[in-house]
Amino acid sequence: MPMPTSPLARLGGFRTELHACYTRRADALFELGDALLCTPAIASVAHLSLEPTHRRGWGSTYAALVRGRIDIERLRDLLASCLPDADPLVFAVDVTTWPRCDAECSPARGYYYHPSRHSAGQPIIAGWAYQWIAQLGFERDSWTAPVDALRLHPLDDTDQTAAGQIRALLGRLDAGGPVPLFVFDAGYDSAQLTLDLAEAPAAVLVRLRSDRCFYADPPPRAPGSTGRPRRHGAKFICADPTTWPIPTATLICQDDQYGTVTVHAWSGLHPKQQRHPGHGTRGPRPIVRGTIIRVQVERVPARTRPPKVLWLWWAGPGSVDLDLAWRAYIRRFDLEHTVRFCKQTLGWTT
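Here is a short report on the structure shown in this document. All figures in this text were calculated on a predicted structure; none of them were measured in a lab.

1. Focus on helix H9 (residues 334-344)
Line of reasoning, step 1. Residues of H9 that are buried include every one of Asp334, Leu335, Thr338, Val339 and Cys342, and no others. The buried residues of H9 occupy one face: seen down the axis, they fall within an arc of 145°.

Okay, structure coming up:
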């Protein structure tokens, strides 16, 4: 769907296509969205009907929420077509929770991590989980461009669901464009994501725990040797520098926020994969290779604590851009600000 060039005309075109995504109670849903953007504080749904942009009664507001319908796939196509121009494309993927502690009969409610420590001092909360995908930018602001959000069932595999969302998004992007980079936090399985997206034109960047272990490929077998061939070579322990070989790539740069940034990369390493399609069949485990990245900064912007070492996993077509990798992961936190804006300002979970 072509969009005009001027910003105001693009906004008008977006609003027209957005209205077309509402298949039932379109006018009431559209004005409800305008009321959400204009109200200073959301006390209740009925208060939204008092906004001047909502030209209908409060009964129409509740009817829109109960009987209104949205063409989800058309809305996803619209969001993907209006992404800001960027090269390369960087997306963040993360899960956020909608607390439903007292709604014991709400359908498909699960138990998820939450920093508020609701359950007897434990970081566990009952509610719904939503997996978001948003485009990131490298400007010094916290704005992102969300393109997809999917509610997870408690029995869903988060990694496989994320891979399905990414494949669907890739089908909406320009096939001849640059290879997009998808950034994940440490709660995701780096090898599983790489395995699920092996045929997709995308790169993944996942944060690793500092106690992870990886393995290089084994050396060639000696002629005439017998027995089962080795599948794992030298062990790479992130917490033990004596096990680190010579890095395959190194980057040292200066940043006004982080000072001297030193990045080392070791390519061709693989973990011992525990989750794979043949699990339980006694078959061989797949070898999933990637690049291990170690990022050490001189200082953090807050300067309230000493900086920690950041470990990342990268896998994708071509070779890794170390400068892009560490900067892209830092921008991943913008998605958390987006979710907080939706919850606290737009009243998503009110």
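2. Remarks on the environment of Glu31
Line of reasoning, step 1. Relative to the assigned elements, Glu31 resides in helix H2 (residues 26-38).
Line of reasoning, step 2. Taking the C-alpha atoms as reference, Glu31 lies 7.4 Å from Arg55; in sequence the two are 24 residues apart.

3. Things to note about the pairing of strand S7 (residues 181-184)
Line of reasoning, step 1. Residues of S7 alternate between two faces, with Leu181 and Val183 on one and Phe182 and Phe184 on the opposite face, all of them buried.
Line of reasoning, step 2. Direction of pairing for strand S3 (residues 90-99) relative to S7: parallel, over a ladder of three bridges. Paired with Phe91 across the strands is Phe182, a residue of S7.
Line of reasoning, step 3. Note that S7 and strand S8 (residues 203-208) share four bridges and pair parallel. From the neighbouring strand, Phe182 faces S8, where its bridge partner is Val204.

4. Observations regarding the packing of H2 against helix H4 (residues 58-67)
Line of reasoning, step 1. Packing of H2 against H4 leaves a shortest axis separation of 9 Å and a crossing angle of 105°. The angle between H2 and H4 places the two elements in the roughly perpendicular class. Here Ala28, Leu29 and Leu32 of H2 come into contact with H4, specifically with Ser60, Thr61, Ala64 and Leu65.
Line of reasoning, step 2. Residues of the contact of H2 with H4, tallied by class, amount to five nonpolar, two polar and no charged.

5. Section: the packing of aromatic side chains
Line of reasoning, step 1. A complete count under the given rule lists 18 aromatic pairs for this structure.
Line of reasoning, step 2. Measuring from ring centre to ring centre gives 5.5 Å for Trp244 and Trp311, while their planes differ by 70°; the resulting arrangement is edge-to-face. Within this pair, whereas Trp244 is found in the loop between strand S10 (235-237) and strand S11 (249-255), its partner Trp311 is found in strand S14 (residues 310-315), the two being separated by 67 residues in sequence.
Line of reasoning, step 3. Through a chain of ring-to-ring contacts, the aromatic side chains of Trp98, Trp128, Tyr130, Trp132 and Trp348 assemble into a single cluster.
Line of reasoning, step 4. In this structure, Arg332 is placed above the aromatic ring of Phe333, and the distance from its NZ or CZ to the ring centre is 4.8 Å.

6. Focus: empty space enclosed by the protein
Line of reasoning, step 1. Scanning the model with the defined rule gives one cavity of 30 Å³ or more in all.
Line of reasoning, step 2. At the level of elements, strand S6 (145-152) and helix H6 (158-172) are the ones that each hand at least two residues to the lining of the largest cavity.
Line of reasoning, step 3. When residues in the lining of the largest cavity are grouped by element, the largest group, three residues, is from H6.
Line of reasoning, step 4. Residue classes in the lining of the largest cavity are distributed as three nonpolar, one polar and three charged.

7. Focus on the nonpolar core
Where a protein is soluble and globular, its nonpolar side chains tend to be buried together.
Line of reasoning, step 1. One finds Phe91, Phe182 and Phe184 to be the most contacted residues of the largest nonpolar core, which totals 35 residues.
Line of reasoning, step 2. For this core, the secondary-structure elements that each account for two or more residues are S3, S6, H6, S7, helix H7 (190-196), S8, strand S12 (259-269) and S14.
Line of reasoning, step 3. Per element, the largest residue contribution to this core is five residues, and it comes from H6.
Line of reasoning, step 4. When sequence neighbours within four positions are dropped, the list of residues in contact with Phe91 reads Leu83, Ile133, Ala134, Gln135, Leu136, Val147, Leu169, Leu173, Pro180, Leu181, Phe182 and Val183.
Line of reasoning, step 5. Ala134, Val297, Trp326 and Tyr329 belong to the second largest nonpolar core, which has 32 residues in total.

Rules used in this analysis
Per chain, residues are indexed from 1 in the order of the written sequence. With the structure being a predicted model, the display of local features is reserved for residues of pLDDT at least 70 and the display and counting of side-chain atom pairs for 80 or more, all residues being used for whole-chain, interface and lining totals. The basis for the side-chain values is all heavy atoms of the structure; hydrogens and waters are excluded. Only protein chains enter the calculation, and the probe is 1.4 Å; a residue is then buried if its accessible area is under 20% of its type maximum, exposed if over 50%, and partly exposed in between. Counting from the N terminus, the helices are the DSSP runs of H or I reaching at least four residues and the strands are the DSSP runs of E reaching at least two. Relevant arc is that of directions from the helix axis to the C-beta atoms, nothing else. Strand pairing requires that DSSP identify at least two bridges connecting the strands. To define axes, lines are fitted to C-alpha atoms, for helices over the stretch in contact only, and angles between the resulting N-to-C directions are given on a 0 to 180 degree scale. When describing relative orientation, an angle under 35 degrees is termed roughly parallel and one over 145 degrees roughly antiparallel, while 65 to 115 degrees is termed roughly perpendicular and anything else oblique. When checking whether two residues touch, look at their non-hydrogen atoms; a contact exists if any pair is within 4.5 Å. Any residue that is not Ala, Val, Leu, Ile, Met, Phe, Trp, Tyr, Cys, Pro, Asp, Glu, Lys or Arg is counted as polar, Gly included; the first ten are nonpolar and the last four charged. Only the six-membered ring of Trp is used, alongside the rings of Phe and Tyr, when aromatic pairs are assigned; centres must lie within 6.5 Å, and planes under 30 degrees apart are stacked while those over 60 apart are edge-to-face, with the rest tilted. Here, a charge over a ring means that NZ of Lys or CZ of Arg falls within 6 Å of the ring centre while also lying within 35 degrees of the ring normal. Residues are called lining when one of their atoms sits within 4 Å of a cavity or pocket point, these points coming from a 1 Å grid over the protein atoms alone, where a cavity is a set in which a 1.4 Å probe fits but cannot get out and a pocket is an open set with protein on both sides within 12 Å along at least five of seven lines. Grid points are joined across faces, edges and corners, and a volume is the space filled by probe spheres set on the points. For this analysis, a nonpolar core means a set of buried residues of the types Ala, Val, Leu, Ile, Met, Phe, Trp, Tyr and Cys, connected via side-chain atoms within 4.5 Å.

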